[in-house]
Amino acid sequence: MDLNDLNREIKEINRDNEKTGIFRNRKPAVDYSEFRLNRINEPQFAHIKLLAGWLVYFALYFLTENLIPESACHVIHCKLDDMIPFNEYFLLIYCFWYVLLVASLGYFFFYDIKSFKKLQTFIMITQAIAMVIYIVYPSIQIGRPEVMPRDNFLCDLMAFIYAFDTPTGVCPSLHVAYSMGIASACCKSKRIPKGWKFFIVVSAILISISVAFVKQHSVIDIVVAIPVGLVAENLVFRRTHEARLRLFKRKVKEVAVKGGKA
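Rules used in this analysis
Residues numbered from 1 in each chain as written. Predicted model: local features only at pLDDT ≥ 70, side-chain atom pairs only at ≥ 80, totals over all residues. Heavy atoms only, no water. Phe/Tyr/Trp six-rings, centres within 6.5 Å; stacked < 30°, edge-to-face > 60°. Helix = DSSP H or I, 4+ residues; strand = E, 2+ residues; numbered from the N terminus. Buried < 20%, exposed > 50% of the residue type's maximum accessible area, 1.4 Å probe, protein only. Lys NZ or Arg CZ within 6 Å of the ring centre and 35° of its normal. 1 Å grid on protein atoms, 1.4 Å probe; cavity = no way out; pocket = protein on both sides within 12 Å on 5 of 7 lines; lining within 4 Å. Points joined across faces, edges and corners; volume = space filled by probe spheres on them. Nonpolar A, V, L, I, M, F, W, Y, C, P; charged D, E, K, R; others polar. Axes fitted to C-alpha atoms, helices over the stretch in contact; angles between N-to-C directions. Parallel < 35°, antiparallel > 145°, perpendicular 65-115°, else oblique. Left-handed = near helix turned anticlockwise from the far one by under 90°. Contact = heavy atoms within 4.5 Å.

A. Quick peek at the packing of aromatic side chains. Inspection of the entire model under this criterion finds 20 aromatic pairs. Judged by centre distance (6.4 Å) and plane angle (80°), the rings of Tyr94 and Tyr98 are edge-to-face. Placement of both Tyr94 and Tyr98 in helix 4 (residues 90-111) is noted, with a separation of four residues, approximately one turn of the helix. Considering the side-chain rings of Phe109 and Phe110, the 5.3 Å spacing of their centres and the 85° angle between planes classify their relative orientation as edge-to-face. On the basis of relative accessible area, Phe110 is assigned to the partly exposed category, the value being 37%. Ring pairing ties together the aromatic residues Trp54, Tyr57, Phe58, Tyr61, Tyr94, Trp97, Tyr98 and Tyr178, which thus form one cluster. For Lys188, the ring lying beneath its charged end belongs to Phe237, and the centroid distance is 4.4 Å.

Rendered as structure tokens:
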């Protein structure tokens, strides 16, 4: 992407943000009714292959969860974890992550193929890095309450989640890493209005915080997830950042030259 292309894209983003609704163009970018498995290598359908990354991830997740015993895991804990109280109401935000993940990938899959490729690639990079860490340095979370402090629906739901979601393989937190990718991809998409971008960024921040309040992760898991997300950000969006930086420097230079002439 050269500077002229980037400049045009920024103008398109500004125009799009002024238009109404995230679904202003209801026609999908690709007619999936024409898809057949033997056409998956065709340009308009090739991005579907990226979904195979989820199959690889779930297979590795199953293996690590069942082959690595808890006795081999390193306890992830810090003093700040003890200062953060369990709060079941954060479960609503924690679970909203699943909605945000599916909605973001689903929307991009149908309406913005370029952003779908970027986000799915971002996710696969974080998955790969996390899996390597989970295998090389298996981790476990010990902050879960042994007895729920209150008797209500959310506490019952949290206990249910604890029952099937083991406390292992927690560092880094993929809740945090994925949230970074979702926020980044949505902010760069020219199809997402400003209001939605703000909502998604705030949601990503709250989701990242919620994992500590529902005791699914240590603060350490959150901190470690940040560089994992930054690595994916650099690999996926580096050319975009570089082009934007060059454009910014050029505009600063133009302003300086005009100021000097004045």
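B. Representation of the layout of surface pockets in the model. Of the voids in this model, the largest pocket is the one considered here, and its volume is about 740 Å³. Contributions of two or more residues to the lining of the largest pocket are made by helix 2 (52-67), helix 4, helix 6 (153-164) and helix 7 (174-188). With seven residues, helix 4 is the single largest residue contributor to the lining of the largest pocket. Residue composition of the lining of the largest pocket, by class: 22 nonpolar, eight polar and three charged.

C. Main features of the packing of helix 4 against helix 7. One way to put it is that helix 4 packs onto helix 7 with a least axis distance of 10 Å and a crossing angle of 40°. Between helix 4 and helix 7, the angle falls in the class oblique. The way helix 4 lies across helix 7 gives a crossing that is left-handed. Contact residues: Tyr94, Trp97, Tyr98, Leu100, Leu101, Ser104 and Phe108 in helix 4; Leu174, His175, Tyr178, Ser179, Ile182, Ala185 and Cys186 in helix 7. Split into classes, the residues belonging to the contact of helix 4 with helix 7 amount to 11 nonpolar, three polar and no charged.

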